[in-house]
Each structure stands twice: as structure tokens, then as C-alpha cells.
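Residue strings, one per chain:
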Amino acid sequence: MLHLIELAKQVRDSTIRLLEMAPAEVLHWAPQGTSNHVMWHAGHALWVQDCLCVEPLSGVSDLPTGWSDKFGMDCRPVSETRDWPERSELLRHLHAQLDRILTLFDEHSERLAKIGPNQDGDWDLTRGVIHGLHDEARHQGEMHLLMKLSRTSN
């Protein structure tokens, strides 16, 4: 269980650092041929953890109203979205969600200690949580790449 807690902290801290260090002019920049920008990738991390961790453990989504439409898997294209949250608001939610996840990990430690199929043959909750953390880490690579590309495009 301790490894899962540390993994969640490291993955989320990295997402937060990348969002904090992104220059303001890069937050909503996406080069031609790509479909998402730094803000979307950071918000998608929030959405993924809500779907694969918070909601399965707590039974309810903690996402602000309308954020699935902006950051979810079936979201509209970023070019069609104009009402992005401020960076500070997204950062606040990323921090709060990490606190919520750590609390849920503590409350559900026995359920999260089991990895493998449950009685119905479905993969258990822990695999979903790990998948969400892996997905968030992959989106960090996209955020980093966008920041690098923005420097070479100027």
C-alpha cells in the first residue's frame, strides 16, 4: 500500500510541477497536427483519476460541473472550447484531488491490497488505480513535449 501512496504522490507532483512551470503563452498552444495543449493534458489527469480512482472508491465524482466535457476522453476538440479554467484553479483541484486520493487509499487499504481478478473474473480496483496513474504519467510526457516544441517554434 505504501508503494501505491508514493506512486500517487510522485505522479501528481510531477503533473503539478509541469503545469506550474509552463509559460503562460504555452498553456493553450497546440502545434498544427496535434489536438491538445498543456492545460488539457493536466485537466485530463484530473479527469482520469476521478474516473479510475476517486469515483470507484467513493462512489461519486468530484469533478467540477462541465469539466468532463473539457477534459474527458470524449471531450470536444480543444479548438472548440473557450472557457478553460485558470491555471490556479486547475492547480487547486489537482492538489485537492491528491489529498482526496490519499484519504481514500487509507480508507480502502484492504481493497487496494489485492491485485488480481475478483470473484466475477473482473480485474480489481487496484489495477484501475495503477492504470490511471500510468495514464497521468504518460500525459506528463505530452506536456513536456509541448513545452519543448513551443520553444523551437518561435
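Residues numbered from 1 in each chain as written. Predicted model: local features only at pLDDT ≥ 70, side-chain atom pairs only at ≥ 80, totals over all residues. Heavy atoms only, no water.

With the rule as written, the count across this model stands at two aromatic pairs. Ring geometry for Trp67 against Phe71: centres 5.5 Å apart, planes inclined by 75 degrees, an arrangement best described as edge-to-face. Separated by four residues within a single helix, Trp67 and Phe71 lie in helix 3 (residues 67-71), roughly one turn from each other. The class of Trp67 is buried, set by a relative accessible area of 5%. Measuring from centroid to centroid gives 5.6 Å for Phe71 and Trp84, while their planes differ by 50 degrees, and the two rings are tilted. Remark: Trp84 occurs in the loop between helix 3 and helix 4 (87-107) and Phe71 occurs in helix 3; sequence separation between them is 13 residues. Judged by its relative accessible area of 14%, Trp84 is buried. A network of ring pairs unites the aromatic residues Trp67, Phe71 and Trp84 as a single cluster. (Phe/Tyr/Trp six-rings, centres within 6.5 Å; stacked < 30°, edge-to-face > 60°. Helix = DSSP H or I, 4+ residues; strand = E, 2+ residues; numbered from the N terminus. Buried < 20%, exposed > 50% of the residue type's maximum accessible area, 1.4 Å probe, protein only.)

Here the focus is the side chain of His44. Relative to the helices and strands, His44 is located in helix 2 (residues 38-58). Among the polar contacts made by the side chain of His44, one reaches the main-chain carbonyl oxygen of Phe71 at a distance of 2.6 Å. Not counting residues up to four positions away in its chain, the partners in contact with His44 are Phe71, Gly72, Met73, Asp135 and His139. (Polar contact = N/O pair within 3.5 Å; in protein donor to acceptor, adjacent residues only side chain to side chain. Contact = heavy atoms within 4.5 Å.)

A few words on the pattern of salt bridges. If you walk through the whole model with that rule in mind, you get four salt bridges. When the shortest N-O distance is used, the salt bridge between Arg12 and Glu136 registers 2.8 Å. Residue Arg12 is located in helix 1 (residues 2-21), and its partner Glu136 is located in helix 6 (residues 125-153); the two are separated by 124 residues in the primary sequence. Overall, the relative accessible area of 2% leaves Arg12 in the buried class. With a relative accessible area of 1%, Glu136 lands in the buried category. With a shortest N-O distance of 2.9 Å, Arg100 and Asp62 are connected by a salt bridge. Of the two residues, Arg100 is situated in helix 4 and Asp62 in the loop between helix 2 and helix 3; the sequence distance between them amounts to 38 residues. Owing to a relative accessible area of 27%, Arg100 belongs among the partly exposed residues under this scheme. Classification of Asp62 as partly exposed rests on a relative accessible area of 38%. (Salt bridge = Lys/Arg side-chain N within 4 Å of Asp/Glu carboxyl O.)

What follows concerns the nonpolar core. Counting residues in hydrophobic clusters, the biggest one holds 25 residues, and the most contacted among them are Leu19, Val38 and Leu90. For this core, the secondary-structure elements that each account for two or more residues are helix 1, helix 2, helix 3, helix 4 and helix 6. With seven residues, the top contributor of residues to this core is helix 2. Those residues within four positions of Val38 in sequence are excluded, and the remaining contacts are Leu19, Ala22, Val26, Leu27, Met143, Leu146 and Met147. Listed in part, the 14 residues of the second largest apolar core include Leu4, Cys53, Phe105 and Val129. (Core = buried A, V, L, I, M, F, W, Y, C linked by side-chain atoms within 4.5 Å.)

Next up on the list: the state of the cysteines. This model, assessed by the stated rule, comprises zero disulfides. You can see Cys51 has no disulfide; the closest cysteine sulfur is in Cys53, sitting 11 Å from it. Looking at Cys51, the relative accessible area reads 29%, which means it is partly exposed. (Disulfide = S-S within 2.5 Å.)

What follows is about the confidence of the model for the protein chain. Looking at the protein chain as a whole, the pLDDT averages 87, with 90% of positions reaching at least 70. Mean pLDDT across the elements of the protein chain ranges from a minimum in helix 5 (residues 109-112), with 80, to a maximum in helix 4, with 96. (pLDDT = per-residue confidence, 0-100.)

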